[in-house]
Amino acid sequence: MTIHDPIAAISTPYGRGGIAVIRLSGDGVIRLAEQFFHTASKKPLTSLAGGQAVYGYILREGKRIDDGIATVFRAPHSYTGEDTVEISCHGGIVLSATVLTCALAAGCRSAEAGEFTKRAFLNGKLSLSQAEAVIGLIDAMSEEQMRLSAAMTRGILHDRIEQLSERLADLIASVYAYIDYPDEDLTDYTPVELMTSCRALLSDVESLAATYRTGHAVSEGIPTVIIGKPNTGKSSLLNRILGRERAIVTDVAGTTRDTVEETVSFGGITLRLADTAGLRQTTDAVEQIGVSKAKEKLEEAELVLAVFDGSMPLDSEDEAVLQALAENSSAEIIPILNKSDRGSCPTANHFSSEPICLSALTGEGMDALAKRVADLYRADKIDYDVTPIVANARQFSAAKAACEHLRLALDALNGGFTQDIAGMDLELALGKLRELDGCGTSEEITDRIFHRFCVGK
């Protein structure tokens, strides 16, 4: 198997529809497609220039099964960088599968998951961050995730990584000049200038890594738990955030016995939301299991929506909830005083941050809650079209490692060591920066990334 061998797959979702698209890519695919797609004009597909579409007939074993459109793309001006043919036929389940069978019979093999985009990456049409952004576009569950992914496919992050890498490469070149000619003044930077440049680079890479807080929240989603004692309106809040009746709501305390989990965009952030059983001491065996699961979700959460009955004074069960929150110091906590439609809220001095007063019943105060969520992750303060964002854990890990090596290089210079000692960490930092965008990334990692795609993309 070579990287240019001809492959084919259905690139539209499985099912019935107006059209289906079967994509072929690799060496000789225009000639292969010609075996089962005949143009109405009788002009051979191989005579078409790149970017041309032509109407014609799809044949299996010499018999017409459909008519459609074939679009020809010639290397390197295609998505994959290879010769490509996209055949649009009517969108029947059996029909599209039959057209794919024709492509396989002509000499293509079935494409693996994500193989078209993997070829685009390997052929230099996309960087790894751009390829990952394609996944984000396909999987987008919110307008913010769509905007972030669209900006990354245009190379916003890639361009920033290139800029930082070029600056770092200049520093390393200067260090090499010092190593090769220590007694001659051939370096571009004095020791002081080298320290200043390292410090500026570290600041810029740290700023890039810090964007992961927003990128993670928008793209990967924040594990979020709704917590509180029974009957404070946790399930009503879940339903209000989702905009539909997902959880059962009654006046009976302890209705929720298990976690109810949903993913939703709220305040420009993707929340992986879990409604939990009310925290309290109980002798009910089933409810005890629910309380235990609630505590487990609390330990896993990055964001906690702590719900209290705002129409009543806090009691011992509320105090127990506050104690449980205090023990989970790693999570962001938003205190919520629900049932504002029933009366005044308790004073804010019970809580570590300003509580949100709202009514899950009427929706009053939900905008304030959405804004608080957005403020925590700066989702409404970033222009995705101009600001490079680190969007996933792989990218963040590489950016963090680059920062660490820059710090070590700076420590060496501050400690009075010669430039060649700092140069080792500068090289490692450059490797991590380039790894962020795919250069030097192991085959195992790239395979895992592209297997997240559907077949046909």
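Here's what I pulled together on the structure shown here.

**Considerations on a negative patch on the surface**
Among the surface-exposed residues, D159, E162, E166 and D170 lie close enough to one another that they form a single negatively charged patch. With respect to the secondary-structure elements, D170 resides in helix α6 (residues 156–180). Owing to a relative accessible area of 44%, D170 belongs among the partly exposed residues under this scheme.

**A word on helix α12 (residues 366–376)**
Listed in full, the buried residues belonging to α12 are M366, L369, A370, V373 and A374. Relative to the axis of α12, the buried residues are bounded by an arc of 135 degrees and lie together on one face. Looking at the buried residues of α12, the elements they touch are α9 (234–242), β9 (260–266), β10 (269–275), β11 (303–309), β12 (332–338) and β13 (356–357). Taken from the residues just after α12, R378 is the one with a positive phi, measuring 55 degrees.

**Notes on the nonpolar core**
With 67 residues, the main nonpolar core has L168, L237, I269, L271, L305, L369 and L426 as its most contacted residues. With nine residues, the single largest contributor to this core is helix α13 (residues 393–414). For I269, the residues in contact, after removing those within four places along its chain, are A217, V218, I222, V264, V373, Y377 and A379. Counting residues in hydrophobic clusters, the runner-up holds 25 residues, among them A8, A20, L45 and V99.

**Observations regarding the side chain of D309**
The residue D309 is located in strand β11 in this model. Engagement of the side chain of D309 in a polar contact is seen with the side chain of S311, the distance being 2.6 Å. Once you skip the residues sitting within four places of it in the chain, D309 turns out to touch T232, N338 and K339.

**Things to note about the pairing of β11**
Most of β11 is tucked away, with seven of its seven residues classed as buried. Here β11 shows two buried faces, one formed by L303, L305, V307 and D309 and the other by V304, A306 and F308. Where strand β8 (residues 222–227) meets β11, four bridges bridge the pair, whose relative direction is parallel. Residue pairing across strands places I227 opposite A306, the latter belonging to β11. The pairing of β11 with β12 spans seven bridges and is classified as parallel. Along β12, the bridge assignment pairs L305 with I334.

**Some remarks on a nonpolar patch on the surface**
Residues Y14, I93 and V94 make up a contiguous nonpolar surface patch of about 370 Å² in total accessible area. Examined against the element boundaries, V94 turns out to sit in helix α2 (residues 93–106). What makes V94 exposed here is its relative accessible area of 64%.

**Thoughts on the packing of aromatic side chains**
Both the distance between ring centres and the angle between the ring planes are used here to describe each pair of aromatic rings. Evaluated as defined, the whole model comprises three aromatic pairs. Judged by centre distance (5.2 Å) and plane angle (50 degrees), the rings of F308 and F351 are tilted. Taken together, the residues F308 in strand β11 and F351 in the loop between β12 and β13 connect sequence positions 43 residues apart. For the pair F308 and F351, a shared accessibility class is recorded, and that class is buried.

**Examining the sheet that holds β10**
Ordered in space as β9-β10-β8-β11-β12-β13, the six strands form an open sheet in which the pairing is mixed. Taken across any chain shown, the strands that pair with only one partner, and hence form the sheet edges, are β9 and β13. Contacts from helix α11 (residues 316–326) reach β8, β11 and β12, with the element oriented near 165 degrees to β11.

**Some details on α2**
The first and last C-alpha atoms of α2 sit 20 Å apart over 14 residues, in line with the 20 Å expected at 1.5 Å per residue. Among the residues making up α2, those that are buried are S96, T98, V99, L100, C102, A103 and A106.

**Let's talk about the sheet that holds strand β7 (residues 109–110)**
Read from one edge of the open sheet, seven strands run β3-β4-β5-β6-β2-β1-β7, paired in mixed fashion. The open sheet has two free edges, formed respectively by β3 (37–39) and β7, since each of these has just one partner strand. Against the sheet, α2 touches β1 (7–10), β2 (17–25), β4 (52–60), β5 (63–73), β6 (84–91) and β7, its axis set at about 180 degrees to β1. Against the sheet, helix α3 (residues 115–122) contacts β1, β2 and β7, and its axis sits at roughly 135 degrees relative to β1.

**Topic: the pattern of salt bridges**
By the definition in use, this model includes 18 salt bridges. Linking D204 and R167 is a salt bridge whose minimum nitrogen-to-oxygen distance equals 2.7 Å. One end of the pair, D204, is in helix α7 (residues 191–210); the other, R167, is in helix α6, and 37 residues separate them in sequence. Of the charged contacts in the structure, one is a salt bridge between R213 and E332, with a shortest N-O distance of 2.9 Å. Of this pair, R213 sits in helix α8 (residues 212–220) while E332 sits in strand β12, placing them 119 residues apart in sequence. R213 gets classed as partly exposed once you look at its relative accessible area, which sits at 37%. Shared partners join several salt bridges into a network, and the residues in it are D5, E82, R109, E115 and R119.

**Some points on unusual backbone geometry**
That bond from A75 to P76 is cis: its omega, 0 degrees, falls within 30 degrees of zero. By secondary structure assignment, the location of P76 is in the loop between β5 and β6. A positive phi is found at K42, a non-glycine position, where the angle reads about 70 degrees. Inspection of the secondary structure assignment puts K42 in the loop between β3 and β4. Residue classification places K42 among the exposed positions, given a relative accessible area of 74%. For E61, which is not glycine, the phi torsion reads 50 degrees and is therefore positive. By the secondary structure assignment, E61 is in the loop between β4 and β5. Given the relative accessible area of 78%, E61 is considered exposed.

Conventions adopted
- Residues numbered from 1 in each chain as written.
- Predicted model: local features only at pLDDT ≥ 70, side-chain atom pairs only at ≥ 80, totals over all residues.
- Heavy atoms only, no water.
- Patch = residues over 30% accessible without salt bridge, like charges linked within 9 Å, V, L, I, M, F, W, Y side chains within 5 Å.
- Areas by Shrake-Rupley, 256 points an atom, 1.4 Å probe, with all protein chains shown as cover.
- Salt bridge = Lys/Arg side-chain N within 4 Å of Asp/Glu carboxyl O.
- Lys, Arg positive; Asp, Glu negative; His and termini not counted.
- Charge placed at Lys NZ, Arg CZ, Asp CG, Glu CD.
- Helix = DSSP H or I, 4+ residues; strand = E, 2+ residues; numbered from the N terminus.
- Buried < 20%, exposed > 50% of the residue type's maximum accessible area, 1.4 Å probe, protein only.
- Arc of directions from axis to C-beta.
- Contact = heavy atoms within 4.5 Å.
- Core = buried A, V, L, I, M, F, W, Y, C linked by side-chain atoms within 4.5 Å.
- Polar contact = N/O pair within 3.5 Å; in protein donor to acceptor, adjacent residues only side chain to side chain.
- Pairing = 2+ DSSP bridges.
- Phe/Tyr/Trp six-rings, centres within 6.5 Å; stacked < 30°, edge-to-face > 60°.
- Axes fitted to C-alpha atoms, helices over the stretch in contact; angles between N-to-C directions.
- Expected span 1.5 Å × (residues − 1).

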